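# Working through the structure, step by step
What follows is the residue order along each chain.
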Amino acid sequence: MIEFLSKQLNWIDVEYWFYIFNDLSLLYLILPFFILELIRYAYLKRLNRDLILDSIANIITFGAFLITEVFLGILAITKVYFWIYNNFSLPHLELNWTTIFCAILLADFAYYWEHRLMHRIGLGWATHTVHHSSPHFNMSVAYRFGPLDAILPIVFSLPIVMLGFDPILVLLSEVFVQVFQTLLHTEIIGKLTKPVEYIFNTPSHHRVHHGSNKQYWDKNYGGILIIWDRLLGTFEPEEEKVIYGISEPLNSTNPIKVFFHGISRLYSKLKKTQGAKNKILILIKPPDWEPK
Amino acid sequence: MKSSTLLFRSIAILIVIAGVAHLVSFTSTNTDVPKGTTYKANNVPIDNSETDYIIGKWSVSHQSKEFTGNIIYEFKKEGQVFSAYIYEYVDENGNNQKGEGTKILTIDKFDGYKGTGKYTVTYQEQKYEIKCTIDMIDENSFTMSYDYYGYSDVETWKKL
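Residues numbered from 1 in each chain as written. Chains lettered and ligands numbered in written order. Predicted model: local features only at pLDDT ≥ 70, side-chain atom pairs only at ≥ 80, totals over all residues.

## Remarks on the overall build of chain B
- Scanning chain B from N- to C-terminus turns up one helix and nine strands.
- Mapped from its N terminus to its C terminus, chain B presents α and β elements in the order α-β-β-β-β-β-β-β-β-β.
- Taken across its 160 residues, chain B has 17% of its residues classed as buried.
- Restricting to contacts in chain B with at least 6 residues of sequence separation, those with at least 24 account for 26%. (Helix = DSSP H or I, 4+ residues; strand = E, 2+ residues; numbered from the N terminus. Buried ≥ 20, exposed ≤ 12 C-beta atoms within 10 Å, placed from the backbone. Contact = placed C-beta atoms within 7 Å.)

## Concerning the interface of chain A and chain B
- Of the residues lining the interface, 22 residues belong to chain A; the matching set on chain B comes to 22 residues.
- Counting only elements with at least two residues in the side of chain A that touches chain B, the list comes to helix H1 (2–6), helix H2 (11–23), helix H4 (49–87) and helix H5 (97–120) of chain A.
- It is H5 of chain A that contributes the most residues to the side of chain A that touches chain B, six residues altogether.

## Remarks on the pairing of strand E3 (residues 81–91) of chain B
Residues and elements named next belong to chain B.
- The pairing of strand E2 (residues 68–78) with E3 spans ten bridges and is classified as antiparallel. Bridging across to E3, Lys 77 finds its partner in Phe 82.
- If you look at the hairpin formed by E2 and E3, you'll find two residues sitting between the two strands, and Gly 79 has a positive phi there, around 65 degrees.
- Bridge analysis of E3 against strand E5 (residues 103–110) gives four bridges, and the strand direction is antiparallel. If you follow Tyr 85 over to E5, its bridge partner there is Lys 103.
- Sheet analysis places E3 next to strand E4 (residues 96–98), joined by three bridges and oriented antiparallel. Along E4, the bridge assignment pairs Val 90 with Asn 96.
- The antiparallel hairpin formed by E3 and E4 contains four residues in its connecting segment, where Gly 94 sits at a positive phi of about 90 degrees. (Pairing = 2+ DSSP bridges.)

## Examining the packing of H5 of chain A against helix H6 (residues 122–132) of chain A
Residues and elements named next belong to chain A.
- Between H5 and H6, the shortest axis-to-axis distance is 5 Å and the interhelical angle comes to 100 degrees. Taken together, the axis directions place H5 and H6 in an arrangement best described as roughly perpendicular. For the pair H5 and H6, the contacting residues are Leu 117, Met 118 and His 119 in the first and Gly 124, Trp 125 and His 128 in the second.
- When the residues that make up the contact of H5 with H6 are grouped by side-chain class, the tally is three nonpolar, three polar and no charged. (Axes fitted to C-alpha atoms, helices over the stretch in contact; angles between N-to-C directions. Parallel < 35°, antiparallel > 145°, perpendicular 65-115°, else oblique. Nonpolar A, V, L, I, M, F, W, Y, C, P; charged D, E, K, R; others polar.)

## Brief notes about the environment of Gln 63 of chain B
Residue and element names in this part refer to chain B.
- In this structure, Gln 63 sits in strand E1 (residues 56–63).
- On the basis of neighbour count, Gln 63 is assigned to the exposed category, with 8 C-beta atoms found within 10 Å.
- Put simply, Gln 63 and Ile 137 are 74 residues apart on the chain and 22 Å apart in space, counted from C-alpha to C-alpha.

## Comments concerning the domain arrangement of chain B
- Here chain B is described as being made up of domain 1 (1–31) and domain 2 (52–159).
- Placing the centre of domain 1 of chain B and that of domain 2 of chain B at their C-alpha centroids yields a distance of 34 Å. (Domains from an automatic or database assignment.)

## Here's the deal with helix H12 (residues 255–272) of chain A
Residue and element names in this part refer to chain A.
- In this model, H12 (18 residues) spans 26 Å end to end at C-alpha, consistent with the 26 Å of a helix rising 1.5 Å per residue.
- Residue His 261 marks the point of greatest curvature in H12, where the axis turns by about 55 degrees.
- For H12, the secondary structure elements touched by its buried residues are H4 and H6. (Expected span 1.5 Å × (residues − 1). Bend = angle between axes of the 7 residues up to and from the residue.)

## What about the confidence of the model for chain A?
- In the predicted model, chain A carries a mean pLDDT of 93, and the fraction of residues at 70 or more is 100%.
- Mean pLDDT across the elements of chain A ranges from a minimum in H1 of chain A, with 74, to a maximum in helix H11 (residues 227–231) of chain A, with 98. (pLDDT = per-residue confidence, 0-100.)

## Some points on the nonpolar core
- If you look at the biggest cluster of nonpolar residues, it comprises 54 residues, and the most contacted ones within it are Ala 103, Leu 106, Ala 107, Ile 160, Phe 165 and Val 170 of chain A.
- For this core, the secondary-structure elements that each account for two or more residues are H4, H5, helix H7 (151–162), helix H8 (167–182) and H12 of chain A together with helix H1 (3–31) of chain B.
- Here this core gets eleven residues from one element, more than from any other, and that element is H5 of chain A.
- Not counting chain neighbours up to four residues away, the residues in contact with Leu 106 of chain A comprise Ile 160 of chain A together with Ile 17 and Ala 18 of chain B.
- If you look at the next biggest cluster of nonpolar residues, it comprises 16 residues, including Trp 58, Val 81, Ala 84 and Leu 105 of chain B. (Core = buried A, V, L, I, M, F, W, Y, C linked by C-beta atoms within 7 Å.)

## Concerning unusual backbone geometry
- Residues other than glycine seldom take positive phi values, yet Asp 218 of chain A does so here, at roughly 55 degrees.
- Following the sequence through the fold, Asp 218 of chain A ends up in the loop between helix H10 (203–209) and H11.

## A short note on the environment of Asn 96 of chain A
- Counting through the fold element by element, Asn 96 of chain A comes out in the loop between H4 and H5.
- Here the alpha-carbon distance between Asn 96 of chain A and Leu 5 of chain A, two residues 91 residues apart in the chain, equals 6.4 Å.

Structural data, given as structure tokens:
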């Protein structure tokens, strides 16, 4: 077993497997599943104009997000990550199954913390609120991103590079976590078996995360594993029926409004707030924080 | 949950996961004893004149869109393997620029005449480690060759 886990692998093979899951899953898993969701909506007589326009807005925000992600990603990987990797990292790890497994675990743990921060600081919520603002819950919502959503993951992945993991592997692992996360955005799948629900993040756990019901606020931040939430005190099971969206609904399917509403709300709040110190605190304190 | 509890639990998680990765990586490196290298009882490599002459600086002629000139590599003995790092760039006009110290070649099996290892190539901003072989022409030069999915080359390394 240890021989298998420590057997040195070739990059070309590793990238191939990540390509199958990270890139091609859109074609063989996500799109078919979304079509199935649309059929279900039609069967339940919930397929209406608002849902279709909302889904289109989601895809458009993803396009805008992708541009910043690709630009920042290339810049971070080619410049910052490799510079850190070559100058401030623990001994470089060789490419084997253990390294890949640990890189995915660490990327998932980093995702937990950056996701938690996106919810718990004003600036983070200004961009991440876009993802939560849809009143629907389907695969297209997974692609609903805010303008600054690409920044925090890059910052939170740097420690993994410093621990000796290859920057490319870190990037591939991050995308792997994101793809897994995408698959959780569905109402079709109910609760899974107890051991699975205990260890992994599931559609049920993620529905809770998207709930605007008070008891579901700021819960279930995990990407692949829900054990991070259990260990760090943010777990909440799905009990009450989930009402999707945010406490202050957006009520719009205009992609530009959707994409920028968080930033524009933050800007209005900053404009109304007196004093430079309070303005800074609004950016770093939880989103519901108000100056005394 | 208290912030200190969050901090300690998070650090513990990082240490455990990264620790496992390093432990497995370290164990596997230490079990691959290369041919041609002899060891003392405490696993410290002893000098081996048959193979250690590869240690030092080597020059390789390079021609590409980005750079034309010589790249100087420095071979170091690291436990059981020989690793070559980029030491310096010397362009066609004789201008020097310090290399970034990136590891480019690892020879893990070397008998003094032939060796095998891994060569790092960068293609479309991604790094690939591909299998390579070295063949000594004489004590002051060797060829390093690789052939990987149709991507092949032979470089001549000359001792400085």
